[in-house]
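Residue strings, one per chain:
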Amino acid sequence: VLAVAVALVGPQAATAAAPAVSSMRDVVPAPLTVKPAGGTTFTLRPGTPIFASGDARDIGGYLAGVLRRSTGYRLPVVSGSGPGISLLLTGADPSVGDEGYRLDVTSKAVVIRAQRPAGLFAGVQTLRQLLPPAIESAIVRKGPWVIAGGQIVDRPRLAYRGAMLDVARHFHPVGTVLRYIDELALYKINHLHLHLTDDQGWRIAIDSWPRLSAYGGSTQVGGGAGGYFTKADYARIVAYAKSRYITVVPEVDMPGHVNAALASYAELNCDGKAPPLYTGIDVGFSSLCVSKEITYRFIDDVVRELVALTPGPYLHIGGDEAHATKPDDYATFMDRVQKIVAAHGKSALAWHQVVNATPLPSTVGQYWGTTRSAPDVAAAAGRGTKLLLSPANKAYLDMKYDPSTPLGLSWAGYVEVKDAYDWDPGAYLDGVSESSVFGVEAPLWTETIATLADIEYMAFPRLPAIAELGWSPASAHDWTSFRARLATQGPRWEAQGINFYRSSQVFP
Ligand code: TNX
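Conventions adopted
Residues numbered from 1 in each chain as written. Predicted model: local features only at pLDDT ≥ 70, side-chain atom pairs only at ≥ 80, totals over all residues. Heavy atoms only, no water. Buried < 20%, exposed > 50% of the residue type's maximum accessible area, 1.4 Å probe, protein only. Helix = DSSP H or I, 4+ residues; strand = E, 2+ residues; numbered from the N terminus. Arc of directions from axis to C-beta. Contact = heavy atoms within 4.5 Å. Near = heavy atom within 4 Å. Polar contact = N/O pair within 3.5 Å; in protein donor to acceptor, adjacent residues only side chain to side chain. Areas by Shrake-Rupley, 256 points an atom, 1.4 Å probe, with all protein chains shown as cover. Nonpolar A, V, L, I, M, F, W, Y, C, P; charged D, E, K, R; others polar. Disulfide = S-S within 2.5 Å. Salt bridge = Lys/Arg side-chain N within 4 Å of Asp/Glu carboxyl O.

*Asks:* Is there a simple way to think about helix H15 (residues 479-487) in this case?
*Replies:* Buried within H15 are the following residues: Trp479, Phe482, Arg485 and Leu486. Along H15, the residues classed as buried sweep out an arc of 130° about the axis, all on the same side. Those residues of H15 hidden inside the fold are in contact with helix H12 (417-421), helix H14 (462-471) and helix H16 (490-496).

Structure (structure tokens):
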């Protein structure tokens, strides 16, 4: 009897503690403009239609899928218009651009208007946050499902809002990556950078060099079994990400971080001898052989096969911590590899050391330093190189929150939620103006991160902080507002079973 009583009290207590109607002002990332209409509410009913036709149809189906899980309602997806939820690709102000939207909630209808499907998808993510947290439950909950009335007009500040997952140090299987994609979508992240290769493992099948994955993917940090994505696995990730309006950016890290490749093919080594596989966490000890022609045939093959799997415009070529490559060789190598990528019709992304070579006009440099002064990077920006900002002491999700964090590293310092949030990407690097800033990205290196629960613990709540810096207008940047809005996300993460860090800065 006692157990039954507890089971009954549990969910009711949680519902009672949460406000009946979520505030329009609590959305993360903060929208461009929010105008609540005091008193007006819309209530979701079992038969509420979701009107969506043409290119909006898939998003209607996606929204219905999200809402049916927790409401148990039918929520038919139909064409036409009327009282209900409408997803329209007409009538949005052109100023919302490709990813923006307008959302109107009245007592009769919820209407999301956008110019492009990506904008409707972003509007749908906002709509989820206007519903009670239990809407995120994987099992049917009681409701009522009430949405506060008003209007939101929204569009992103920066074009590229990314997250990186290192599947090389610890391999993370397809299911984990798909779940992370769904979590990124919640916060309007639009790029997933997959760090596919490193000293400890090669994680993508390359048909013309099969030992890369078969042997080079056979272990990981700590000596576990590792693993790799078949091309079908990888295509599934790319397609799933696309359905969430996320572009996958594959990285093959070169000329350093290549022990797994060198171990797989003796001929890639300058001395013709394959080193053993590596399961430690040192960096900077391996290099491709810059003077051998086979190196470039190898890269051309890998790039060609990856490009065939990559609908997006970018291929990441690494370029970090090439301590085992002489500086002249590094420049020679990076310049040649950028041309290989260009010859296959893609633009290169590279860690910011690429500025020590000659970045092509299309190459984007990813800044991962820990100082605001980086004269060589600023000079490159002055010459036209666009920058993706991932300052390690702000944006690295693998840094410990504080000394007691059981996972993670601390070489760039401890990164509490406020540290992750309190910087302005448009005015961060000395001498670099916002016009040179292509976007922000939150990398998650996985030397110490082995499971989905580990990934979630490090990403939440810092990932939404970086997402807000990339999406919300600079004028909305305010820690006090952000931490209050972030706190309202906690019950949503609980409903989804996301394992998050209960930072005392956010959840006192
Ligand atoms: C530096 S940041 C690295 C990675 C490590 C990471 C750990 C960068 C471009 N390289 O090889 O995994 O630190 O935080």
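*Asks:* Explanation requested: the site of the ligand in the structure shown.
*Replies:* Looking at the ligand, there are 14 residues lining it, with Arg169, Tyr396, Asp398, Trp411 and Glu447 nearest. Separating a nitrogen atom of the ligand from a side-chain N or O atom of aspartate 320 is a distance of 2.8 Å. Take aspartate 398: an N or O atom from its side chain is 2.6 Å from an oxygen atom of the ligand. Here the ligand loses 98% of its free accessible area of 360 Å² to cover by the protein chains. Along the lines of polarity and charge, the residues of the shell around the ligand split into 8 nonpolar, 1 polar and 5 charged.

*Asks:* It is not clear to me how the state of the cysteines should be interpreted in this structure. Could you clarify?
*Replies:* In protein chemistry, a disulfide is the covalent bond that joins the sulfur atoms of two cysteines. Summed over all chains, the structure comprises 1 disulfide. The residue that forms a disulfide with cysteine 270 is cysteine 289, at a sulfur-sulfur distance of 2.0 Å. The sign of the 100° torsion about the S-S bond sets the cysteine 270-cysteine 289 disulfide as right-handed. You can see cysteine 270 sitting in the loop between helix H7 (259-264) and helix H8 (293-307) and its partner cysteine 289 sitting in the loop between H7 and H8, a full 19 residues away along the chain. Under the relative-accessibility criterion, cysteine 289 is labelled buried at 1%.

*Asks:* Any chance you could explain the environment of isoleucine 466 here in plain terms?
*Replies:* Mapping isoleucine 466 onto the fold places it in helix H14. Taking the C-alpha atoms as reference points, isoleucine 466 and lysine 339, 127 residues apart in sequence, are found 32 Å from one another. Residues in contact with isoleucine 466, not counting those within four places in the same chain, are Lys394, Ala395, Ala420, Trp423, Val440, Glu441 and Ala442.

*Asks:* Any chance you could explain the pattern of salt bridges here in plain terms?
*Replies:* A pair can form between side chains of opposite charge whenever their charged atoms are brought close. Inspection of every chain in the model, using the stated rule, returns 20 salt bridges. Between glutamate 447 and arginine 169 there is a salt bridge whose closest N-O contact spans 3.5 Å. One end of the pair, glutamate 447, is in the loop between strand S17 (437-444) and helix H13 (452-459); the other, arginine 169, is in the loop between strand S8 (160-166) and helix H4 (174-186), with 278 residues separating them in the sequence. Judged by its relative accessible area of 11%, glutamate 447 is buried. A relative accessible area of 2% means that arginine 169 is categorised as buried. In this structure, glutamate 494 and arginine 502 form a salt bridge, with 3.1 Å as the shortest nitrogen-oxygen distance. Each of Asp166, Arg169, Asp198 and Glu447 takes part in salt bridges that share partners, so that together they form one network.

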